[in-house]
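Observations on the model geometry
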Protein chains: 2
Amino acid sequence: MPELRVHNLTVSVDGYAAGPRQRLEQPLGEGFGSMHEWMFAAMRDLADGKGGVDVEYVERSKENIGATIMGRNMFGPQRGPWEDESWTGWWGPNPPFHNDVFVHTHHLRPSVVMEGGTTFHFTDEPVEAVLARAFEAAAGKDVQLGGGAATVQQYLRAGLVDEMHCAVVPRLLCRGERLFDNLGDGIDGYRVAELVGSPAAAHVRLVRR
Amino acid sequence: MPELRVHNLTVSVDGYAAGPRQRLEQPLGEGFGSMHEWMFAAMRDLADGKGGVDVEYVERSKENIGATIMGRNMFGPQRGPWEDESWTGWWGPNPPFHNDVFVHTHHLRPSVVMEGGTTFHFTDEPVEAVLARAFEAAAGKDVQLGGGAATVQQYLRAGLVDEMHCAVVPRLLCRGERLFDNLGDGIDGYRVAELVGSPAAAHVRLVRR
Ligand SMILES: NC(=O)c1ccc[n+]([C@@H]2O[C@H](COP(=O)([O-])OP(=O)(O)OC[C@H]3O[C@@H](n4cnc5c(N)ncnc54)[C@H](OP(=O)(O)O)[C@@H]3O)[C@@H](O)[C@H]2O)c1
Ligand SMILES: NC(=O)c1ccc[n+]([C@@H]2O[C@H](COP(=O)([O-])OP(=O)(O)OC[C@H]3O[C@@H](n4cnc5c(N)ncnc54)[C@H](OP(=O)(O)O)[C@@H]3O)[C@@H](O)[C@H]2O)c1
């Protein structure tokens, strides 16, 4: 059965997946700064043919993905009705997804076809319906849930996430978007299958109980 | 200068330092169960002369401590006015502190002298005053802040903690007492000085910025 997977979700020691006041100049919000450095370093190592714990987690995130889901705040800095529909994400003309990407939002707009096989679809449907569309688009492969926290929480709460990898990095963010919040009883369905340290991060993998 | 140190504070991946419904049969609240297992194993290893990452953290926690501070909920399961003053803590007739222990509570009672040099003092003074008394009792040594979360938060908020070691264990608690909560701007004064993984835990050490 194809799965819904979260990978490389980076959180501070105090549990934040994004800082406050996300905007164009700081997509991840204030203070987040170099929190993804572990991942960029691992990507460089992977490209250079080097191994390591971080590299293994990044490699795993790329395997067998056929579609992507994300929240609107991860897609861009605009909030509320679209003022600028020329915005097509943070990732330039050829985004790294190379598959259909479903963006949750209450503010619909036409799908955007990018280079390299990425198409952004905007949807106000409930998570179950969006996941069904994503599985269909993935044609037998798994679906990756990118983030952010608000969107991941909805899928966890509904018990729809099959596995989730977080990288806890040695930072305190003090404020922002908490990952383990608003989960109700949803998170009871999960357990920690892995806790593995690297010099850059503590990797945690959650799976169903 | 003598310091105020927190050691071996064990938290779940989702950030809880105690489960809900703390009571006599489950001092740490529901679900906490084996969360301290990393520490007990390290104590056994230490007694057996074995080394390791976990052992080093436990060893450090025992060095140069002259007094202890804790919250009333860590001291025992009773809440509100003392119904049973024969309660002298979880630790039996000879508690492992062997120094003065200051217990924060709104419900005062006479000090209790135990075997082995431990004396429990009950105080409703503010944290600054209690810390001053503890430093005096420690006579030049450091003071250990034991927990729980509510008490540690007050000292962090006031910027009084000099260093804090937490062990993140591979568990989800889903509810209970969150460590990184109610901190206001207090936590801004701290940074992560260490993040070190062992097979049993991810050790985090916070120090002042
Ligand atoms: N730490 C990491 O590894 C990581 C990973 C990914 C993202 N991030 C960061 O996280 C931040 C975004 O996270 P976030 O928690 O703020 O927001 P988010 O989950 O990306 O997006 C939330 C928004 O998506 C829309 N949405 C979500 N569910 C919906 C539903 N069921 N129906 C309709 N619309 C829905 C709503 O926007 P509308 O107002 O349009 O309706 C909502 O405000 C960004 O800073 C991003 O860079 C971090
Ligand atoms: N995870 C770990 O490693 C770890 C470590 C230590 C403890 N714990 C666990 O944590 C739990 C206790 O933590 P907690 O956060 O619930 O409570 P706590 O911090 O141990 O105690 C809070 C209580 O202490 C009293 N208090 C605190 N500050 C005070 C002040 N400034 N003035 C007067 N009274 C004050 C109040 O009790 P009154 O009602 O008496 O006023 C308050 O309700 C226990 O389950 C314990 O076993 C876990």
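Under an unreviewed UniProt entry, the name given to chain A is Dihydrofolate reductase, and the source organism is Streptomyces triticiradicis.

Before going further, it helps to examine the site of ligand 2. All names here are of chain B. Lining the immediate surroundings of ligand 2 are 26 residues, of which Pro27, Arg72, Thr105, His106 and Thr151 lie closest. At a separation of 3.4 Å, an oxygen atom of ligand 2 approaches a polar backbone atom of His104. Interatomic distance of 3.0 Å between a backbone N/O atom of Gly148 and an oxygen atom of ligand 2. Against a free-state accessible area of 930 Å², the protein chains account for coverage of 87% of ligand 2. When contributions to the shell around ligand 2 are tallied by element, the ones reaching two or more residues are strand 1 (4-12), strand 2 (16-18), helix 3 (72-75), strand 7 (142-147) and helix 5 (149-157). Here the shell around ligand 2 gets four residues from one element, more than from any other, and that element is helix 5. Here the residues of the shell around ligand 2 are counted per class, giving nine nonpolar, 15 polar and two charged.

As annotated by UniProt and renumbered to match this structure, "domain: Bacterial bifunctional deaminase-reductase C-terminal" (unreviewed entry) occupies residues 8-184 of chain A. Structurally, residues 8-184 of chain A comprises 26% helix and 24% strand, and the distance from its first C-alpha atom to its last is 23 Å.

So, about the relation of the copies chain A and chain B. With an RMSD of 0.0 Å, chain A superimposes on chain B once it is rotated by 180 degrees and translated 0.0 Å along the axis. The transformation relating the two chain copies, once decomposed into turn and shift, fits a two-fold axis. When C-alpha positions in chain A are compared against the rotation axis, the closest is assigned to A:Gly197, at 2.1 Å. When the interface residues of chain A are mapped onto chain B, 100% of them again lie at the interface, so the same face is used by both copies.

A separate point is the pairing of strand 10 (residues 190-197) of chain A. Residue and element names in this part refer to chain A. In this structure, strand 10 lies alongside strand 11 (residues 202-208), joined through seven bridges in antiparallel fashion. Looking across to strand 11, one finds that Gly197 is bridged to Ala202. Turn length for the strand 10-strand 11 hairpin, with the two strands adjacent in sequence and antiparallel, is four residues.

Attention now moves to the interface of chain A and chain B. Contact residues are listed per partner, giving 26 residues for chain A and 26 residues for chain B. Across the chain A to chain B interface the summed buried area is about 2,000 Å²; carbon plus sulfur atoms make up 65%. It is A:Leu172, A:Phe180 and A:Leu195 in chain A that bury the most area against chain B; as a group they hold 29% of the surface buried on that side. Across the chain A-chain B interface, the total number found is six salt bridges. The partner of A:Asp181 in a salt bridge is B:Arg178, with the nearest N and O atoms 3.4 Å apart. The interface formed by chain A and chain B includes eight residue pairs in polar contact (both at pLDDT 80 or more). Within the residue set of the side of chain A that touches chain B, elements represented by two or more residues are strand 8 (163-169), strand 10 and strand 11 of chain A. With five residues, the single largest contributor to the side of chain A that touches chain B is strand 10 of chain A. A breakdown of the residues in the side of chain A that touches chain B according to their chemical character gives 15 nonpolar, two polar and nine charged.

So, how was this worked out
- Residues numbered from 1 in each chain as written.
- Chains lettered and ligands numbered in written order.
- Predicted model: local features only at pLDDT ≥ 70, side-chain atom pairs only at ≥ 80, totals over all residues.
- Heavy atoms only, no water.
- Near = heavy atom within 4 Å.
- Polar contact = N/O pair within 3.5 Å; in protein donor to acceptor, adjacent residues only side chain to side chain.
- Areas by Shrake-Rupley, 256 points an atom, 1.4 Å probe, with all protein chains shown as cover.
- Helix = DSSP H or I, 4+ residues; strand = E, 2+ residues; numbered from the N terminus.
- Nonpolar A, V, L, I, M, F, W, Y, C, P; charged D, E, K, R; others polar.
- UniProt positions renumbered as here; feature names shortened; annotations may be inferred.
- Least-squares fit on C-alpha atoms with pLDDT ≥ 70 in both.
- Contact = heavy atoms within 4.5 Å.
- Pairing = 2+ DSSP bridges.
- Buried area = accessible area lost by both parts, 1.4 Å probe.
- Salt bridge = Lys/Arg side-chain N within 4 Å of Asp/Glu carboxyl O.

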